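Listed here are the chains, written in short residue letters.
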Amino acid sequence: MNPYVLTILLSSLGLGTVLTFASSHWLLAWMGLEINTLAIIPIMAQQHHPRAIEATTKYFLTQATAAAMILFASTTNAWLMGEWEIHQLSHPLATTTVMLALALKLGLAPVHFWLPEVLQGLELTTGLILSTWQKLAPFALMIQVAPTINSSLLVAIGLLSTLVGGWGGLNQTQLRKILAYSSIAHLGWMVLILQFAPSLTLLSLSLYIIMTSSAFLTLKTNNALTINTLATSWTKSPTLAALAALVLLSLGGLPPLSGFMPKWLILLELTKQGLPLSATLAAMTALLSLYFYLRLCYALTLTIYPNTLTATAPWRLNFTMITLPLSIITILALGLLPLTPAVTAMLAL
């Protein structure tokens, strides 16, 4: 893609998200979401591969449906209650419709079916943008409307997403689909705690973005798209393979890695709010996710090469990729747990 065109598209992507962040009016927020969607579509379709075009079409249709639902809900609220402000969303029909529309935009269960299929058709870098940056604008709206939404609906969507995210990834061999189900599970944890402690949701989102970026950049560096090709990583770069295994365990939420912090604090908060059953179910569904992360770790570190491999063996050429962002993000994805007391003190302020 022409660098000038790419710059314009990435700038529009940033503009759309910032516009949604800054808006207090539903029409302005909707406009930001639309700019965001229209900016990423050419980036997704730049490969001119049938799978990429299919993924782009699916993404466009789901995002357009969600945007239409948001417009319908905000118009309904303005008609019935006379309010266009995001904070003044009060009619039950409007709040439920907005919640489902934002769930569709994010890929939360039960409207998650598009996310694994779309992510599977994209290049890893575009998949990274879709899994991280594209979650910010809908989440900003969700945090603003959360106080008006039925808490039972939020808890149900959160628990269902953690379950679907863990269950769906069990039988996958494609790494992009595994990361898509991982994304659904992590978003479920964030929605679960959204109404009780929005600051914890932001903390979880920040750590999710760090860990997912590290995972995607590692796979990009290793040029791995399936579990089989992942098994050859150790011979190419043992250090990176070892760190990648730790990043995956961090995504699974194992101590003493960074990913344990948000899960620990969320379970603690749910117990304080008198929801021990929800906390138990969430912890049980995290074990499902942990299984497929361990499966990836096994392929990375314990599978001896040469193994039965259908893909073409990659050449060992001089490495030219810039690895500084990967190094910084990996350190953050692994070593933030000791900062938990400082984080809890900040959240308490």
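Reading the values: the criteria
- Residues numbered from 1 in each chain as written.
- Predicted model: local features only at pLDDT ≥ 70, side-chain atom pairs only at ≥ 80, totals over all residues.
- Heavy atoms only, no water.
- UniProt positions renumbered as here; feature names shortened; annotations may be inferred.
- Axes fitted to C-alpha atoms, helices over the stretch in contact; angles between N-to-C directions.
- Helix = DSSP H or I, 4+ residues; strand = E, 2+ residues; numbered from the N terminus.
- Parallel < 35°, antiparallel > 145°, perpendicular 65-115°, else oblique.
- Contact = heavy atoms within 4.5 Å.
- Nonpolar A, V, L, I, M, F, W, Y, C, P; charged D, E, K, R; others polar.
- Polar contact = N/O pair within 3.5 Å; in protein donor to acceptor, adjacent residues only side chain to side chain.
- Buried < 20%, exposed > 50% of the residue type's maximum accessible area, 1.4 Å probe, protein only.

Looking up the chain in an unreviewed UniProt entry gives the name NADH-ubiquinone oxidoreductase chain 2, with the organism given as Oncorhynchus clarkii. The chain has a UniProt comment under Sequence similarities (unreviewed entry) that states "Belongs to the complex I subunit 2 family." In the Catalytic activity (unreviewed entry) part of its UniProt record, the chain is described as follows: "a ubiquinone + NADH + 5 H(+)(in) = a ubiquinol + NAD(+) + 4 H(+)(out)".

Now for the packing of helix α7 (residues 136–145) against helix α10 (residues 198–222). Where α7 meets α10, the closest approach of the two axes is 11 Å, and the angle between their N-to-C directions is 170°. Judged on the interaxial angle alone, α10 and α7 are roughly antiparallel. Contacts between α7 and α10 involve Leu136, Phe139 and Ile143 from the first element and Pro198, Thr201, Leu202, Leu205 and Ile209 from the second. Residues belonging to the contact of α7 with α10 are distributed by class as follows: 7 nonpolar, 1 polar and no charged.

When you line up the elements, Ser161 lands in helix α8 (residues 151–168). Measuring from C-alpha to C-alpha, the distance between Ser161 and Pro110 comes to 7.3 Å, with 51 residues separating the pair along the chain. The contacts of Ser161, once residues within four sequence positions are left out, are Leu108, Ala109, Ile184, Ala185 and Gly188. Side-chain polar atoms of Ser161 contact the backbone nitrogen of Ala109, separated by 3.0 Å.

This next bit is on helix α6 (residues 124–131). Most of α6 is tucked away, with 7 of its 8 residues classed as buried. Listing the buried residues of α6 in full gives Leu124, Thr126, Gly127, Leu128, Ile129, Leu130 and Ser131. Residues of α6 that are buried in the fold lie against α1 (3–22), α2 (26–44), α3 (50–81), α5 (114–120), α9 (175–192) and α10.

Note that Gln63 resides in helix α3. Taking relative accessible area as the criterion, Gln63 reaches 3% and is therefore assigned buried. Every residue in contact with Gln63, bar those within four places of it in the chain, is listed here: Thr37, Leu104, Lys105 and Trp114.

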